[in-house]
Amino acid sequence: MGLMQSDITAEAGVIRCLVADLRNAVAAAATVIERRNTIPVLGCLHIVPGKGELMISGTNLDAWLTVRCPAHATKAEPFCLPAPVLKALLSGAALEDEVTIRREKDVLTFQIGPVTARLRDLIPAADWPTPPQVEGVPVQVGEAALVKLIDSVRFAISTEETRYYLNGIFLTGINGRLAGVATDGHRLARYCSDEPWDFPGVIFPRTTVAALRWRLVPGGNRTVSVAVEANANRMSIAGDGWIMVCKTIDGTFPDYGRVIPARVDDPGYAILSLETLLRLPDPASDGSRAIKLDLENAKASVKNALFSLDVAMPIEARGRFAIGFNGKYLRQIARAFGTLRIEATSPGDAAHILTDDPDLTVVLMPMRV
């Protein structure tokens with residue numbers, strides 16, 4: 001909902017908008033702002049009045065997110081305001097309340113419904129960093145498909161800072177179509193979409209993935225515009241009323257194809273549902289991490305030698321060996337994708353996990369049991 005022209009009386013140096021619109025834009029732009037900043041302006045939102053809108057931006061210098069907010073402004077100048085302050089001012093307001101912002105020299109006055117707040121504008125708008133520009137012809141990617149890709153692989157993104165090149169989703173083209181890959185060295189996920197991709201592969205950072213996902217609508221029928229400048233390690237993604245420009249990770253993603261096991265005609269396998277996994281004690285709670293799958297005897301078990309604990313239950317399985325996996329990883333994958341079919345050829349080789357989605361490939365490394 002936005003303000004109509006008839007609702008506004010022109011007044012120089014005044015900004016008017018609705019709480020609902022401003023709160024949504026502020027919350028979105030603030031997702032890229034880091035909680036702690038040694039540079040004061042990086043803890044702020046940059047607000048630029050325009051014709052019929054405010055352009056509200058946040059940044060951490062690795063990502064810039066600008067969100068449009070419907071508004072009416074007359075001869076108003078850009079300003080910077082600490083994001084927590086503006087979020088706090090809006091937190092208790094009714095969504096239908098009107099926000100009026102006036103500026104007199106270095107003092108900003110906010111009228112939010114019946115509430116009046118005044119604060120000094122201490123950080124000059126001129127201090128706001130200039131976001132980089134991304135050259136190149138963009139491609140149109142379906143919003144729903146991008147959501148599906150992110151949600152399918154993000155669980156496998158590494159958080160280990162020493163292998164920084166794994167701290168994101170590798171966006172690449174497979175037969176001209178967009179695919180996303182993530183791995184932490186213990187597990188790997190690859191999702192192949194039907195969306196076009198004409199760019200070299202880039203690594204989209206984990207923190208920026210989270211901010212982007214916040215803006216995307218699952219099942220949405222809109223498209224987003226994506227442009228990549230691989231030699232400059234940056235990309236832009238633009239949706240309905242927002243644009244994100246970010247740095248990509250400057251590194252080489254591993255040759256993930258070598259990790260994906262070749263399919264064989266008659267592998268050993270086990271079928272595990274989330275209900276089955278939840279019936280077994282959480283391995284992490286008793287000092288162990290592994291769930292053992294005895295394919296020959298068709299059972300899954302958790303063992304802890306310290307307490308002489310051995311818990312087992314029957315499962316659907318076939319094979320001539322036993323193999324172990326991190327129980328936390330199995331539960332996480334089952335929660336996301338439902339019943340799992342785990343295929344393996346030996347106790348020491350990576351296992352292929354099949355789900356109901358044929359476009360998703362999940363690989364999990366075994367543990368000693």
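Conventions adopted
- Starting afresh in each chain, residues are numbered from 1 along the sequence in its written order.
- Local features are withheld for residues below a pLDDT of 70 in this predicted model, meaning they are given only at 70 or higher, and side-chain atom pairs are given and counted only at 80 or more; totals for whole chains, interfaces and linings count all residues.
- Computation of side-chain values covers all heavy atoms of the structure but excludes hydrogens and water.
- UniProt positions are given in the numbering used here, feature names are shortened, and annotations may be inferred rather than shown by experiment.
- For the purposes of this entry, the term helix denotes a DSSP run of H or I that reaches at least four residues, the term strand denotes a run of E that reaches at least two, and both are numbered from the N terminus.
- Burial classes follow relative accessibility: with a 1.4 Å probe on protein chains only, a residue under 20% of its type's maximum area counts as buried, one over 50% as exposed, and anything between as partly exposed.
- Working rule for contacts: check all heavy atoms of both residues, and any pair within 4.5 Å makes them a contact.
- Domain borders in the structure are assigned automatically or taken from a domain database.
- Buried area is a sum: the accessible area each of two parts loses on coming together, probed at 1.4 Å, counted once for each and added.
- Only strands joined by at least two bridges in the DSSP assignment are considered to pair.
- Two N or O atoms count as a polar contact when they lie within 3.5 Å, although within protein this holds only if one can serve as hydrogen donor and the other as acceptor, and sequence-adjacent residues are included solely when both atoms are side-chain atoms.
- Lines fitted to C-alpha atoms define the axes here, with helix axes fitted over just the stretch in contact, and angles between the N-to-C directions of these axes take values from 0 to 180 degrees.
- Here the nonpolar core consists of buried residues drawn from Ala, Val, Leu, Ile, Met, Phe, Trp, Tyr and Cys, with membership extended through side-chain atoms lying within 4.5 Å.
- For any pair of crossing helices, the crossing counts as left-handed if the nearer helix is rotated counterclockwise from the farther one by less than a right angle, and right-handed if it is rotated clockwise.
- Think of it as three bins: nonpolar holds Ala, Val, Leu, Ile, Met, Phe, Trp, Tyr, Cys and Pro, charged holds Asp, Glu, Lys and Arg, and polar takes everything else, Gly as well.
- pLDDT expresses, on a scale from 0 to 100, how confident the predictor is about each individual residue.

Per an unreviewed UniProt entry, the protein is named Beta sliding clamp, and its organism is Paracoccus yeei. Its UniProt record gives the protein the following Subcellular location (unreviewed entry) comment, quoted word for word: "Cytoplasm". Per UniProt, the comment on the protein under Sequence similarities (unreviewed entry) is "Belongs to the beta sliding clamp family."

Student: So what exactly am I meant to see when it comes to the overall build of the protein here?
Tutor: Along the backbone of the protein there are 6 helices and 26 strands. Taken over the C-alpha atoms alone, the protein extends approximately 80 × 45 × 40 Å along its principal axes. Taking all 369 residues of the protein together, the buried fraction comes to 49%. Considering only residue pairs separated by 6 or more positions, the protein has 65% of its internal contacts joining residues 24 or more positions apart.

Student: I tried to follow the domain arrangement of the protein on my own but got confused; where do I start?
Tutor: Interface size, as often reported, equals the accessible area lost upon joining of the parts. Structurally, the protein comprises domain 1 (14-127), domain 2 (139-257) and domain 3 (260-364). Here domain 1 and domain 2 have C-alpha centroids that lie 29 Å from each other. Each partner contributes to the interface: domain 1 provides 13 residues, whereas domain 2 provides 11 residues. With both sides pooled, the region where domain 1 packs onto domain 2 buries about 1,000 Å², and carbon together with sulfur makes up 58% of that total.

Student: Before we go on, may I ask you to explain the pairing of strand β9 (residues 115-120) in this structure?
Tutor: In regular strands, side chains alternate between the two faces of the sheet. Where strand β8 (residues 107-112) meets β9, 6 bridges bridge the pair, whose relative direction is antiparallel. Each bridged residue has a counterpart across the sheet, and for valine 107 the counterpart in β9 is arginine 120. Between β8 and the antiparallel strand that follows it, β9, lie 2 residues; glycine 113 among them carries a positive phi value of about 60°.

Student: So what exactly am I meant to see when it comes to the environment of threonine 183 here?
Tutor: Among the secondary structure elements, threonine 183 is positioned in strand β12 (residues 177-183). Judged by its relative accessible area of 11%, threonine 183 is buried. For threonine 183 and arginine 154, which are 29 residues apart along the polypeptide, the C-alpha to C-alpha distance reads 8.8 Å. Here the side chain of threonine 183 touches glycine 185 through a polar contact of 3.1 Å, landing on its backbone nitrogen.

Student: Help me out: how do you make sense of the sheet that holds β8 in this one?
Tutor: For sheets, the rule is that strands pair by backbone hydrogen bonds, running either parallel or antiparallel. Strands sit in the order β5-β1-β7-β8-β9 across an open sheet of 5 strands; the sheet is antiparallel. The sheet is open, and its two borders are formed by β5 (72-74) and β9, each paired with just one other strand. Strand-to-strand twist of the sheet, defined as the mean angle between neighbouring strand axes without regard to direction, takes the value 15°. With 6 bridges connecting them, strand β7 (residues 98-104) and β8 associate as antiparallel partners.

Student: What exactly am I supposed to notice about the side chain of threonine 172 here?
Tutor: Mapped onto the fold, threonine 172 is located in strand β11 (residues 168-174). Exposure remark for threonine 172: the relative accessible area of 12% places this residue in the buried category. Here threonine 172 is in contact with Arg177, Leu178, Ala179, Trp197, Gly201 and Tyr256, once residues within four sequence places are set aside.

Student: Which parts of the structure should I look at to understand the UniProt feature "domain: DNA polymerase III beta sliding clamp N-terminal" (unreviewed entry) in the protein?
Tutor: When the UniProt feature table is mapped to this numbering, "domain: DNA polymerase III beta sliding clamp N-terminal" (unreviewed entry) covers residues 20-74. End C-alpha atoms of residues 20-74 are separated by 21 Å, and the span's content is 18% helix alongside 45% strand.

Student: I would appreciate a short explanation of the nonpolar core in the present structure.
Tutor: One broad trend across soluble globular proteins is that nonpolar side chains are buried collectively. Ile56, Phe110 and Leu293 are the most contacted members of the largest nonpolar core, which has 94 residues in total. A per-element tally of this core places helix α1 (residues 19-29) first, with 6 residues. When neighbours within four sequence positions are excluded, phenylalanine 110 is seen to be in contact with Leu81, Leu86, Leu89, Val99, Thr100, Ile101, Val115, Thr116, Ala117 and Leu119.

Student: What exactly am I supposed to notice about the packing of α1 against helix α2 (residues 83-91) here?
Tutor: Packed helices, taken two at a time, are described by their axes: the angle between them and the distance between them. Look at α1 against α2: their axes get within 10 Å of each other, and the N-to-C directions meet at 145°. As α1 runs across α2, the sense of the crossing is left-handed. Within the contact between the two elements, α1 uses Val19, Leu22, Arg23 and Val26 and α2 uses Leu86, Lys87, Leu90 and Ser91. Residue composition of the contact of α1 with α2, grouped by class: 5 nonpolar, 1 polar and 2 charged.

Student: I'm lost on the confidence of the model for the protein in this one. Help?
Tutor: The predicted structure's coordinates, where accompanied by low pLDDT, should not be read in detail. Confidence in the prediction for the protein averages 91 pLDDT; 94% of positions are at 70 or higher. A low-confidence stretch, residues 1-10 stays under pLDDT 50, and its non-local contacts, those more than four residues away or across chains, total 17 contacts.

Student: Hey, could you run me through the pairing of strand β25 (residues 351-354) in this one?
Tutor: Two strands pair when backbone bridges link them, and strand β24 (residues 340-344) and β25 are joined in this way by 3 bridges, in the antiparallel orientation. By the bridge assignment for β25, arginine 341 is matched with leucine 354. A loop of 6 residues connects β24 with β25, the two strands running antiparallel in sequence. Judged from the 3 bridges that link them, β25 and strand β26 (residues 360-364) form a sheet pairing that is antiparallel. Of the residues in β26, the one forming a bridge with isoleucine 353 is valine 362. In textbook terms, the turn of a hairpin is the stretch between consecutive antiparallel strands, and for β25 and β26 this stretch comprises 5 residues.

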